[in-house]
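Single-letter residue listing:
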Amino acid sequence: MRLPPYFFPPFPPLPRRLRPSAALLRATALELAILAGHLVLYPSGIAQERRRSTDALPEPAPVPSGTEATRLPTTDRDRPPVVLLHGFVDNRSVFVVLRRSLARHGWHRLESLNYSPLTCDIRTAAELLGRHVEEICDRTGHPRVDIVGHSLGGLIARYYVQRLGGDVRVRTLVTLGTPHAGTSVAPPMSAHPIVRQMRPGSDVIEELRRPAPSCRTRFVSFWSDLDQLMLPVETACINHPDLIAQNVRVTGIGHLALPVHPVVAVGIRQALEEQDAAAGSAGTVSVA
């Protein structure tokens, strides 16, 4: 027997706060496309990057007579090496697009680091990062580096800078979708110790709240209004009275898009280029 269509009551509409917006749907579709592409590239980033025996650059061209007082454009010789640090259960392949963007615009000392997926402690990973940074400085002859960290990578780098004296070596730390205040997303993942350290109120998060009055590193934190792994999304902002920090709001993209989106790449390049001008100032800006 076929029941008439009016037999089944209509489903009630979703509350407005639960209705997916067009922007969220677009961002989700982009996240899925990026995930598919990243899965293809992932095997290429499993092995550690091979280090060059020397990072010597060509000697700069001589300065024409009479122009000594004119400020010359910044060259790669003047720029600190840039260290790229990936997020949880990821590897250096996540930075393929960003690395190419930086290289095209004059950054040639680029180092992509992998930490083990078996790492269970942010403090241990931060100590390992510190050893890598010392090796990079010794090899390149540059006393400081800049770091770009995605997600957990940004938290590891911040711990190194703020708690292990890494501000001596790190000029600028750029973080992308990093849970600076802890994230409450996906409670079942808390079975992993390092995920528990990314929860609000964890020992690591509380350590990062402690005073850091002499920290010399400049922080630039990119956060997205549609980052579904940051709960709440503002947790990716740095709010610490002792830190020189700028929070950059990105609209319309999700967590996985932050290391590959061209608008974010432009913002990262600007953050690295304008370090001297921006040092000592703090604030919040937006990126459309």
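That block above? That's the structure.
These notes cover the structure that comes with them. The model shown is predicted, which means the values in this text are computed figures rather than measured ones.

Focus on the overall build of the protein
Here's step 1: Of the regular secondary structure elements, the protein holds 8 helices and 7 strands.
Here's step 2: When burial is assessed residue by residue, the protein has 45% of its 288 residues classed as buried.
Here's step 3: Sequence separation of at least 24 residues holds for 81% of the intrachain contacts in the protein that already meet a minimum separation of 6.
Here's step 4: Entry remark: accessible area of the protein is about 15,300 Å², with carbon and sulfur atoms responsible for 61%.

Description of the pairing of strand β2 (residues 110-113)
Here's step 1: Residues of β2 alternate between two faces, with Leu-110 and Ser-112 on one and Glu-111 and Leu-113 on the opposite face, all of them buried.
Here's step 2: Where strand β1 (residues 82-85) and β2 come together, 4 bridges link them in parallel fashion. Along β2, the bridge assignment pairs Leu-84 with Ser-112.
Here's step 3: The parallel pair β1 and β2, bridged by helix α2 (residues 96-104), forms a crossover whose chirality is right-handed.

Observations regarding unusual backbone geometry
Here's step 1: The omega torsion of the bond from Leu-231 to Pro-232 falls at -5°, within 30 degrees of zero and hence cis.
Here's step 2: If you trace the backbone, Pro-232 turns up in the loop between β5 (218-224) and β6 (244-250).
Here's step 3: The phi dihedral of Val-89 is positive, around 45°, even though this residue is not glycine.
Here's step 4: By the secondary structure assignment, Val-89 is in the loop between β1 and α2.
Here's step 5: One non-glycine residue, Ser-151, lies in positive phi territory at about 55°.
Here's step 6: Within the secondary structure layout, Ser-151 lies in the loop between β3 (145-150) and α4 (152-163).

The rules we used
- Residues numbered from 1 in each chain as written.
- Predicted model: local features only at pLDDT ≥ 70, side-chain atom pairs only at ≥ 80, totals over all residues.
- Heavy atoms only, no water.
- Helix = DSSP H or I, 4+ residues; strand = E, 2+ residues; numbered from the N terminus.
- Buried < 20%, exposed > 50% of the residue type's maximum accessible area, 1.4 Å probe, protein only.
- Contact = heavy atoms within 4.5 Å.
- Areas by Shrake-Rupley, 256 points an atom, 1.4 Å probe, with all protein chains shown as cover.
- Pairing = 2+ DSSP bridges.
- Right-handed = clockwise from strand over helix to strand, strands pointing away.

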